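# Structure assessment
Chain by chain, the residues:
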Amino acid sequence: MVNWEQITIIEGQGEEMIIKNASVYTEDGCFEEKDIYIAGDKFCDENGKGAGKEVIIDGDGCYAIPGLTDIHFHGCMGSDFCDGTIEAIDTMAAYEASVGVTTIVPATMTLGSEQLYKICETAAEYKKAQDAGEKERKAIFCGINMEGPFISKDKMGAQNPAYISKPDQALFDEMQKKCGELIKLVAIAPETEGAMEFIRENKKRTVLSLAHTTADYDTAMKAFEEGASHVTHLYNAMPPYSHRAPGVVGATADSGAEAELICDGVHIHPAAVRTTFKMLGEDRIIFISDSMMATGLEDGDYSLGGQAVKVTGTLATLKDGTIAGSATNLMDCMRRAVLDMKIPLEKAVKCAAVNSAKSVGIYDQYGSITAGKTANLVLLRKSDLSLYKVVLKGQVL
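These figures come from a predicted structure and were not determined experimentally. (Residues numbered from 1 in each chain as written. Predicted model: local features only at pLDDT ≥ 70, side-chain atom pairs only at ≥ 80, totals over all residues. Heavy atoms only, no water.)

Another aspect to go through is the overall build of the chain. Helices and strands together make up the secondary structure of the chain, namely nine helices and 24 strands. Relative to the compact-globule value of 21 Å for 397 residues, the chain shows a C-alpha radius of gyration of 21 Å, a close match. With the C-alpha coordinates of the chain rotated into their principal frame, the extents come out at 70 × 45 × 40 Å. Here the chain, with 397 residues, has 58% of them falling under the buried criterion. (Helix = DSSP H or I, 4+ residues; strand = E, 2+ residues; numbered from the N terminus. Rg over C-alpha atoms; globule rule 2.2 N^0.38 Å. Buried < 20%, exposed > 50% of the residue type's maximum accessible area, 1.4 Å probe, protein only.)

Before going further, it helps to spend a moment on the side chain of S356. Position of S356 among the secondary structure elements: in helix 9 (residues 345–359). At a separation of 3.2 Å, a polar atom in the side chain of S356 contacts the main-chain carbonyl oxygen of T69. (Polar contact = N/O pair within 3.5 Å; in protein donor to acceptor, adjacent residues only side chain to side chain.)

This part is about the sheet that holds strand 12 (residues 140–141). With respect to topology, three strands assemble into an open sheet ordered 8-11-12, the strand pairing being parallel. Of all the strands in the sheet, the pair left with one neighbour each is strand 8 (68–70) and strand 12. Pairing of strand 11 (residues 101–104) with strand 12 involves two bridges; the strand directions are parallel. Directly across from I104, in strand 12, lies its bridge partner F141. Sitting on the sheet, helix 8 (residues 330–339) touches strand 8 and strand 11, and the angle it makes with strand 8 is about 110 degrees. (Pairing = 2+ DSSP bridges. Contact = heavy atoms within 4.5 Å. Axes fitted to C-alpha atoms, helices over the stretch in contact; angles between N-to-C directions.)

Right, let's get into the pattern of salt bridges. A side chain with one charge may pair with a side chain of the opposite charge, provided their charged atoms come close. Under the criterion given, the structure shown has 19 salt bridges. With a closest N to O distance of 3.8 Å, E136 and K393 form a salt bridge. Taken together, the positions of E136 in the loop between helix 2 (113–131) and strand 12 and K393 in the loop between strand 23 (387–392) and strand 24 (395–396) put the pair 257 residues apart, joining distant regions of the chain. (Salt bridge = Lys/Arg side-chain N within 4 Å of Asp/Glu carboxyl O.)

The gaps of empty space that remain are located by a probe, the size of a water molecule, rolled over the atoms. By volume, the largest pocket is sized at about 260 Å³. Lining the largest pocket are 17 residues, and of these K127, D131, I140, Q365 and Y366 lie nearest its centre. If you list the elements that add at least two residues to the lining of the largest pocket, you get helix 2 and strand 12. The dominant element in the lining of the largest pocket, judged by the number of residues it contributes, is helix 2, at three residues. Classifying every residue of the lining of the largest pocket by side-chain character gives six nonpolar, five polar and six charged. For the second largest pocket, the calculated volume is near 220 Å³. (1 Å grid on protein atoms, 1.4 Å probe; cavity = no way out; pocket = protein on both sides within 12 Å on 5 of 7 lines; lining within 4 Å. Points joined across faces, edges and corners; volume = space filled by probe spheres on them. Nonpolar A, V, L, I, M, F, W, Y, C, P; charged D, E, K, R; others polar.)

Right, dumping it as structure tokens:
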């Protein structure tokens, strides 16, 4: 029991924190009325609290969910991961934290090797600084999603065709060397020359994801058998599912692989999102934003991977009309999945916070409100799922 007479109730920073009266998302995938205890930057059991000053936050009328993890986005607030600068990552990490995305794995694009090397070197520098405590109040940078250049020109989407190449082990090895093994996912078109060998060679080093591909069902299944286990933005940049040619979508369903979904209301019809949940189940779906630099800003002209992009509302397109990522952050995607697409909140949270963290191997530290894990959480108002508070590493933003 909390002795309210001995505690100053404030909303700010403190070494210890109690969040009361919220409906808390548990590791069982349901909501439970209970208190949340934080000591320093970690969640703790009540008995694990120290004797310092306590900060009380009243979460009445709110859901408490783990901070979200976006494993596939390119930029926001006018910055792009491929800018290859500390300032760009800083801007992105600050914005993502402000909307409740507390752990991030930004994505590269199909670019030349020297540009990719610079991005990797910058990522390693940023990670070192953040680990040293120099990037407080920013989303935690957890790795790189390598989207391209090992893709198909026939399904390149908004990727630059000038740099598309067959899988190149030397390029990947050098990128991993320069970033300190931070590459958590690699996109690959399995029908390309050398793809199966690349999957076999690297399946224990990173997550291999089928992406930007013309692969048929048999080719996709072969890739999964060789060691691929992930699919990049399911339905997009791949052949459509049909009853005679189920393609990558059908192979994903049969293989047990996990798949990304962009629930921004542009990339996938709400009915297709609901059908995917019936087909794959909530444990195999990962919500991503695939956001580009216009996210968080007004409509206008921007760029993605060196190509001009026009943004109107939530729609981002190249000059030829090709969809060029999204202009929606992951929290808004999750919110839209619940409110507009009628996905139950419990399932949506699992797809945006739990499955994503598990996919890139960080669930031991993030992705649930569990004693011992980093204290990242979001309070959402029950009335409309709007943001009430974000707690990052035990501090209220």
